[in-house]
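So you can see what is in the structure, the chains are spelled out below.
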Amino acid sequence: MKKKEQVSGLQIVFMIMLFEIGSTPLFLLGGKAKQDSWLAMSFGSAAGFILLLLLLWIQSRSPKQDLMGMLTFHFGRIAGSLIGGIYCLYFAYQSMRNVRDLGELTSLTLLPLTPMSLTMLIFVLTALYAIWKGTEVIFRLPEVLLPLVLFFYFIIILLLGIMGSLDFTRLMPVFESDLKTIIKTALPDIVSFPFGQMIVFLMLWTLWEKPGVPVKNSLAAYTLISIFLIFMNALNVAVLGPAVAGISQLPFLKVVRTLSHLKFIERLDILVTIQLFIGLLIKMMLFYFCAVKGLTSLTNKPTKWWVFPVGALIYAASFIERDYTQHIAFGLGPSLKIDPIFQVAIPLLLALSILIRGHKKANSTTRT
Amino acid sequence: MKKKQQAERKKESDPEEKSIPAPLQLNASLEANLQEISKRIGQSSDVVFRRFTNESLSSLSLAFIYIDGLVNSEIINRNLLQPLMETFTLKSDSIATEAAFSMIKDQMLPVGGVKEGQTVESLLGLLFEGYTLILFDGIQRALAADTAGWEKRSINEPTSQGVIRGPKEGFTESMRTGTSMLRRRLKTSDLRIEEYKIGQRTQTGIALVYLNGLASESVLAEIRRRLNSINTDSILESNYIEEFIQDGGLTPFPTMQNTERPDAIAGGILEGQVGIIIDGTPFALLAPSTFFNFFQSSEDYYQRYDISSFLRLIRYSAFFVSMLLPALYIAVTTFHQEMLPTTLLISLAAQREGVPLPALAEALLMELTFDVLREAGVRMPRTIGPAISIVGALVLGQAAVQAGLVSAAMVIVVSFTAISNFVIPSLAIANSIRLIRFAMMLIAASLGLFGIMSSLIVLLIHMAGLRSFGVPYLSPMAPMTPRYLKDIFIRVPLWDMTTRPMTNLGKETRRQASNQKPKPQEDQQQQQNQQGGNSS
């Protein structure tokens, strides 16, 4: 009786773009490469592109199965479910990182006196409400929010241009750091965040309303958003210079704070905060949703059964780290080491399994 | 099984619920019929019974019943009484009752609508609609002639939705006038008008108006189903219908439009919506409606597209101002003072220095005051209108600031909020944000900008999940159909609106030929030549 939940190609495009934007432009990724950070970013996105092709290939081999289905299909019922469960935990962990990010940033910029537990609770509850409403609602959100976010970025870039804060000579000399450093900063760090996180779409591509895999949509969205992210990265450096951009916690906030002219436009922090809020929310919501969806398909329970436990888990987990320093340290340390396992290693295993099975099948068909 | 039990229990507990008795057949005796009818009606003074016999119809006994005030007495005198009472042409004295009945029905009633009735209930129903009943002795049927005619308000300019340019006539309380106004605008055989009678006691006429082939079948079926399932004793205004059939009981947002303007209804119908005209009120309904419908005014199409687009944007910003401005003021003054430019901050702080209340209390006080003023303005007799404006403007505004009760900035915020609220063309959605505004203020006072953002996102999620008769509330924005965005935030020129801008409702989406941009003749010829060259 219940209609199958479906999303349109456009919705997938918007979701990929907003998901990839997330909170990325606020940080300077690849800061180690100084003014060449945008090159590192480009390498990262190129590597991510290859990874995306791999993911799309895997998906196209079994267009009706999501990640959980594939895992149980290829690695057997028990091992597959186990890996699937670990994946769900991984998604929940990623979600929790965003919750904590938001909690920390809110107390840093907006509400220094309000306890973080409250802001994080509201944040989790907001996402929970959307997931409770269902897939269709979740995928409608980017259609409203992405134009809004892009519009704000556009305003900021425009103002930066008009007020002459942009100085692209700060990006000179290009290739000051050697290729090795650049690639080293790009791999695996930038690939893991944000480009490798495309792994979540292995859970979502099956929702497409048409049969098959939205290859073109995904690739177009990915390419567009990579260009945007590389540009934003270059912009951070062009405004602040590599030294300042490299050491600040939120370089983009600093960038926007340079915009105080005419005694009228001052402290556009609010725009940044809105962008941050929306970006983090969508990212966190999608990870949360994938965790719920994964558990749903592993346990054959209705989706709504899992929404609250996973939400509670994410909320509880966001308190594990003692403070922001530990949160960042963990995020940049062990977390980055784990990511490649989920984003690259297991998809590669899957691909291998598909190849072997395909080979066997081909053999068996030739024999008979 | 369980449901059945519940229904039974409900029946037991609810003494009012009686099963409707089977309709009573007319008796052969005129006397008995008259007694039955007068028993049912009671001693109402406006019901007129008139008995007479006509010699030329073999002394057949007849009786007229009508309700004074619901009928046009001139029609009765001229078209009913005169032909039936005059002793004339009929020479044969021995005409049978049966034959007399059919002769009267077919030859002697110069009235447009003549109906035949066999049961007391159906006849009474017709009687209350202004029909005159003609009862015969010795026959189990009766006639009802349409003699309706009562005092009506004439067509006036709509008072709730004015325009500068555009038609100035509005619906009246009569449903029939309403449908005729639509007929005059849509001269096509595709225009369908379905009538319903809803309300056991009021028997209010409801007309469902739509264009066949444009309105979506599923939406129509849904509206019909919901209309048919209304079980109430009275429908006095279109809001009764609206509340009974609209989606989403727990939402502050309206999912149906209401309007007094026939051109707005015609426009909606042309975009595949379904109009619902209700007898007894000049406010008709349009469904399904998306969020963006409430920001479209019919005047958008009566003036140039550039100014219309500009006004659209103004309306959307007014929506956000009206919803958020007091909340933002509270949030910024209590939590995020650093966000204000220094000079502004200093002047605000100086103003607030003597104010005894915290920003939230100040804002709540002023907003509530404004709502009181507004309500007073609507309810009070017209003649004491000026008093309100003096009290409102001078006493509550200027004097309150001078007395140091509220800051001048707060008065500005509240008045701008109020004015913005009136910019939104639909009162339905303007009212819904009046309530949201208070919630926003409370949230802003406790969680600042973070709270405002969260609640906006929650509102967005809520709206994304909302549907109006199966149509997503935020379409064509979410789910997005880029083709239909031409009439949402801006209005493109009419010649460019080749498809119906509303939603993916009806089947037929193309509304006019493409390539209709007016051009000088030479250009057109050139283009045609080019096209000819291409095709050959």
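What counts, and where the lines are drawn
- Residues numbered from 1 in each chain as written.
- Chains lettered and ligands numbered in written order.
- Predicted model: local features only at pLDDT ≥ 70, side-chain atom pairs only at ≥ 80, totals over all residues.
- Heavy atoms only, no water.
- UniProt positions renumbered as here; feature names shortened; annotations may be inferred.
- Helix = DSSP H or I, 4+ residues; strand = E, 2+ residues; numbered from the N terminus.
- Contact = heavy atoms within 4.5 Å.
- Buried area = accessible area lost by both parts, 1.4 Å probe.
- Salt bridge = Lys/Arg side-chain N within 4 Å of Asp/Glu carboxyl O.
- Polar contact = N/O pair within 3.5 Å; in protein donor to acceptor, adjacent residues only side chain to side chain.
- Nonpolar A, V, L, I, M, F, W, Y, C, P; charged D, E, K, R; others polar.
- Core = buried A, V, L, I, M, F, W, Y, C linked by side-chain atoms within 4.5 Å.
- Buried < 20%, exposed > 50% of the residue type's maximum accessible area, 1.4 Å probe, protein only.

The name recorded for chain B in an unreviewed UniProt entry is Spore germination protein, from Paenibacillus monticola. Under the UniProt heading Sequence similarities (unreviewed entry), the note attached to chain B is "Belongs to the GerABKA family."

The name given to chain A in an unreviewed UniProt entry is GerAB/ArcD/ProY family transporter, with Paenibacillus monticola as the source organism. What UniProt records for chain A under Subcellular location (unreviewed entry) is the sentence "Membrane". Per UniProt, chain A has the following entry under Sequence similarities (unreviewed entry): "Belongs to the amino acid-polyamine-organocation (APC) superfamily. Spore germination protein (SGP) (TC 2.A.3.9) family."

*Asks:* Just give me the short version of the side chain of B:R315, but keep the residues and values in it.
*Replies:* Summarising the element assignment, B:R315 is placed in helix α10 (residues 305-334). Residues in contact with B:R315, not counting those within four places in the same chain, are B:F295, B:Q296, B:S297, B:D300, B:V423, B:I424 and B:P425.

*Asks:* I'd like to hear about the interface of chain A and chain B, residue by residue, with values.
*Replies:* Taken together, the contact pairs 35 residues of chain A with 28 residues of chain B. Counting each side, the surface lost to burial between chain A and chain B is near 2,700 Å², with a carbon and sulfur contribution of 76%. Counting every contact that joins chain A to chain B gives one salt bridge. Between A:E136 and B:R467 there is a salt bridge whose closest N-O contact spans 3.5 Å. Joining chain A to chain B, the criterion identifies four residue pairs in polar contact (both at pLDDT 80 or more). Those elements that place two or more of their residues in the side of chain A that touches chain B are α1 (9-21), α4 (77-110), α5 (116-133), α6 (135-162) and α11 (269-299) of chain A. Element by element, the count of residues in the side of chain A that touches chain B is highest for α6(A), at eight residues. In terms of residue class, the side of chain A that touches chain B is made up of 20 nonpolar, seven polar and eight charged.

*Asks:* Now, about the UniProt feature "transmembrane region" (unreviewed entry) in chain B: what can you tell me, with residues and values included?
*Replies:* All names here are of chain B. The sites that UniProt annotates as "transmembrane region" (unreviewed entry) are residues 313-335, 407-430 and 442-464. For the annotated span residues 313-335, helix accounts for 96% and strand for 0% of the residues, and the straight-line distance between the end C-alpha atoms is 30 Å. What you have in residues 442-464 is 100% helix and 0% strand, and the ends, taken at the C-alpha atoms, are 24 Å apart.

*Asks:* Any details on the nonpolar core? Residues and values, ideally.
*Replies:* Among the nonpolar cores identified, the biggest contains 169 residues, and A:Y87, A:F91, A:F201, A:F252, A:Y288 and B:F291 are the most heavily contacted of them. Take this core: its biggest share by element is 20 residues, from α11(A). Formed by 22 residues, the second largest nonpolar core is a distinct cluster that contains B:L84, B:I104, B:V111 and B:L143.

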